[in-house]
Amino acid sequence: MSDNNPILSGSAQSVAAYQDAIEQSSQAVIDWLKQPEMYQGKTVDQLRERIQLNFTSEGLGNQAAIARAVEYFLKDSLSVHHAQCVAHLHCPSLVISQAAEVLINATNQSMDSWDQSPSATIIEVKLIQWLREQVGYSAGDAGVFTSGGTQSNLMGLMLARDAFFARQGHSVQLQGLTGDLSKIKVFCSESAHFSVQKNMALMGLGYQSVTQVKTDAFSRMDLADLKAKLAQAKAKGEQVMAIVATAGTTDAGAIDPLAEITTLAAQENIWVHVDAAWGGALLLSEKYRYYLNGLECADSVTLDFHKQFFQTISCGAFLLKDVRHFELMRYQAAYLNSDFDEEQGVPNLVSKSLQTTRRFDALKLWMGLEALGKKQYAEIIDNGVTLSQEVAEYVSAQPHLELVMQPQLASVLFRFRPESSDSTFVALLNQRIGDVLLASGSANVGVTEADGITCLKMTLLNPTVCLEDVKILLASVKDTAEILLNAEFQS
């Protein structure tokens, strides 16, 4: 090995190299944050041509490698903190979350066993206990931090499946799946996250196991259709393994009627998993917490903190109402979670996780709560919901814009509405508006569908954005539409 040891350690040489690398990277980020453009506007083909690997036998050294990363990655990155970046559930991050990442990365703790992450393990356990209190669960630590919603949803569905079979005296963990699997169903709304289907396929039950329940005018699960489909399933000899309710659908931000769904499921002895990856942020809300009434009755819950909790990616959690169900997935290995450790009460979190090696992402939420406090956290969460209502009112008053659905969380669905009755033309126009704005680097507006209508979407997570910023964006939408319409008429 060369004299310039590249490993982070306590030696003077390593500490100096670390400080130099961090300072160079930090300065590059500061310069990037100051650039006015949301995006430099390069296309897929341009990026493919521009980005080339350059691995040499001797290496470039830290300084040159960082400089290349700045040139080919950082400068061409999307500025998610920009006021005109509103396409997705992709939040700007808290400054304290960035600081937490420095500590997480430098210490490189692994959350699978206590002896690899002593203080980190205790902090995560205590955070899980606190999160359970916010949901309304009983005291306990049944939960674990995850990479995000898809993984948390997989855990909820997997434990629901295994609990379903356990009630019939069969252990999936020991014996695998058995019986006529085509008769096992999971219910979710038409607007539920795609990870329901994806995870059911991963678990060997396939897309066919998912029954989609109709939604109402606000994309919420329709209770009458849920009851009808439950009755139909029973008549056909099918067994409902779980109902997945959503608290914050991706586009509309819809929250299913949680109290009614959990009450109905309890009568039928059906597991309820609530995907609150987005809407779970309202646990800290001072104005809108009641939207989540009934969440405390769910058997398991998904939370994401890299959405409206403003943490860096990735940071999520899975909460389990009854700790006994973790036994359905626990596996003991002498080198991680031995019987001796169990007897001594050593908390080896691998017993609760689908992952083995896992980052200490819980630190970000802990530091965020400590730095901001609950009141300021509530204010920045509530800001997006309130702003979306103000934006909807403004959109409704504009002759060239049409509000597609009243907002429920921090999402506004709308479209540019020209004087045309051709629905295909209007849909294509709105798609092209979104494409042109991103290509120009000036704005990133989502394009989606709601009740068969192609529309534009603003996800207003950024607490620094105000109505005036959104008016500028909507003016850009209008100007872009008029340019496209003029080009259409001239061609």
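Residues numbered from 1 in each chain as written. Predicted model: local features only at pLDDT ≥ 70, side-chain atom pairs only at ≥ 80, totals over all residues. Heavy atoms only, no water.

Draft legend 1. Summary view of the overall build of the chain. Per the secondary structure count, the chain includes 14 helices and eleven strands. By the compact-globule yardstick of 23 Å for 491 residues, the chain fits well, its C-alpha radius of gyration being 25 Å. Seen through its C-alpha atoms, the chain measures out along the principal axes to roughly 70 × 70 × 45 Å. Relative to all contacts within the chain whose residues are 6 or more apart in sequence, the contacts with residues 24 or more apart total 71%. Accessible surface computed for the chain: about 23,300 Å², of which carbon and sulfur atoms make up 53%. (Helix = DSSP H or I, 4+ residues; strand = E, 2+ residues; numbered from the N terminus. Rg over C-alpha atoms; globule rule 2.2 N^0.38 Å. Contact = heavy atoms within 4.5 Å. Areas by Shrake-Rupley, 256 points an atom, 1.4 Å probe, with all protein chains shown as cover.)

Draft legend 2. Local environment of the packing of helix α4 (residues 95-107) against helix α12 (residues 362-396). It is the contact of α4 with α12, at a shortest axis distance of 9 Å, that shows an interaxial angle of 140°. Classified by the angle their axes make, α4 and α12 are oblique. Once α4 is placed against α12, the crossing between them reads as right-handed. Where α4 approaches α12, its residues Ile96, Ser97, Ala99, Ala100, Glu101, Leu103 and Ile104 are matched on the opposing element by Leu363, Lys364, Met367, Gly368 and Ala371. Here the residues of the contact of α4 with α12 are counted per class, giving eight nonpolar, two polar and two charged. (Axes fitted to C-alpha atoms, helices over the stretch in contact; angles between N-to-C directions. Parallel < 35°, antiparallel > 145°, perpendicular 65-115°, else oblique. Left-handed = near helix turned anticlockwise from the far one by under 90°. Nonpolar A, V, L, I, M, F, W, Y, C, P; charged D, E, K, R; others polar.)

Draft legend 3. Fine view of the packing of aromatic side chains. Counted according to the given criterion, the structure contains seven aromatic pairs. With centroids separated by 4.9 Å and ring planes inclined at 80°, the aromatic side chains of Phe305 and Phe309 adopt a geometry described as edge-to-face. Summarising the aromatic geometry, the rings of Phe318 and Phe326 are spaced 6.3 Å apart at their centres and angled 70° between planes, so their arrangement reads as edge-to-face. For the pair shown, Phe318 and Phe326 are each scored as buried. (Phe/Tyr/Trp six-rings, centres within 6.5 Å; stacked < 30°, edge-to-face > 60°. Buried < 20%, exposed > 50% of the residue type's maximum accessible area, 1.4 Å probe, protein only.)

Draft legend 4. Seen up close, the environment of Gly204. Checked against the element boundaries, Gly204 lands in the loop between α8 (195-202) and β3 (210-213). Exposure remark for Gly204: the relative accessible area of 49% places this residue in the partly exposed category. Between the C-alpha atom of Gly204 and that of Ala106, which follows or precedes it by 98 residues, the distance is 39 Å.

Draft legend 5. Focus on the sheet that holds strand β1 (residues 143-146). One open sheet holds the seven strands; their spatial order is β1-β7-β6-β5-β4-β2-β3, and the pairing between them is mixed. This sheet does not close on itself; its edge strands, each paired only once, are β1 and β3. In this sheet, neighbouring strand axes are inclined to one another by 20° on average, regardless of whether the strands run parallel or antiparallel. As defined by bridge partners, strand β4 (residues 239-246) adjoins strand β5 (residues 271-276) across five bridges and the pair is classed as parallel. Across the sheet, the residue bridging to Ile243 is Val272, located in β5. Contacts between helix α9 (residues 223-235) and the sheet are confined to β2 (184-189), β3 and β4, with β3 contributing the most and set at about 145° to the helix. Strand contacts of helix α10 (residues 258-268): β4 and β5, with the helix running at about 170° to β4, the strand carrying the most contacts. (Pairing = 2+ DSSP bridges.)

Draft legend 6. View of the pairing of strand β9 (residues 411-416). For β9, the buried fraction is high: six of the six residues fall into the buried class. The side-chain alternation of β9 yields two buried faces, one formed by Ser411, Leu413 and Arg415 and the other by Val412, Phe414 and Phe416. Sheet analysis places strand β8 (residues 401-405) next to β9, joined by four bridges and oriented antiparallel. Across the sheet, residue Leu401 finds its bridge partner in β9, namely Phe416. In this antiparallel pair of consecutive strands, β8 and β9, the connection spans five residues. Examined bridge by bridge, β9 and strand β11 (residues 453-459) share four bridges and lie antiparallel to one another. Bridged to Leu413 within β11 is Lys457.

Draft legend 7. View of the sheet that holds β9. The strand order across the open sheet formed by four strands is β8-β9-β11-β10, and the pairing between neighbours is antiparallel. The two strands at the open ends of the sheet, each matched to only one other strand, are β8 and β10 (446-450). When strand polarity is set aside, the average angle formed by the axes of neighbouring strands in this sheet is 45°. Seen against the sheet, α12 touches β8, β9 and β11 and runs at an angle of roughly 135° to β8.

Draft legend 8. The arrangement of the pattern of salt bridges in detail. Tallied over the full model, the rule gives 24 salt bridges. Here Asp76 ties to Lys42 by a salt bridge, and the two come within 2.9 Å at their closest N and O atoms. Of the two residues, Asp76 sits in the loop between α3 (62-72) and α4 while Lys42 sits in the loop between α1 (12-33) and α2 (44-50), which places them 34 residues apart along the sequence. In this structure Lys42 comes out as partly exposed when scored by relative accessible area, which is 27%. Among the ionic pairs, Arg220 bridges to Asp216, the shortest N-O distance being 2.9 Å. (Salt bridge = Lys/Arg side-chain N within 4 Å of Asp/Glu carboxyl O.)

Draft legend 9. View of helix α5 (residues 118-135). Given a rise of 1.5 Å per residue, 18 residues ought to cover 26 Å, and the 26 Å separating the end C-alpha atoms of α5 matches this to within 8%. Residues of α5 that are buried: Ala120, Thr121, Ile123, Glu124, Val125, Leu127, Ile128, Leu131, Arg132, Gln134 and Val135. Elements in contact with the buried residues of α5: β1, β6 (300-304), β7 (316-320) and α12. Remark: Gly136 follows α5 within two positions and exhibits a positive phi of approximately 110°. (Expected span 1.5 Å × (residues − 1).)

Draft legend 10. Layout of the environment of Gly316. Mapped onto the fold, Gly316 is located in strand β7. Owing to a relative accessible area of 0%, Gly316 belongs among the buried residues under this scheme. Along the sequence, Gly316 and Thr302 sit 14 residues apart, while their C-alpha atoms lie 7.7 Å from each other.

Honestly, that's just the spatial picture; any functional story needs more than this.
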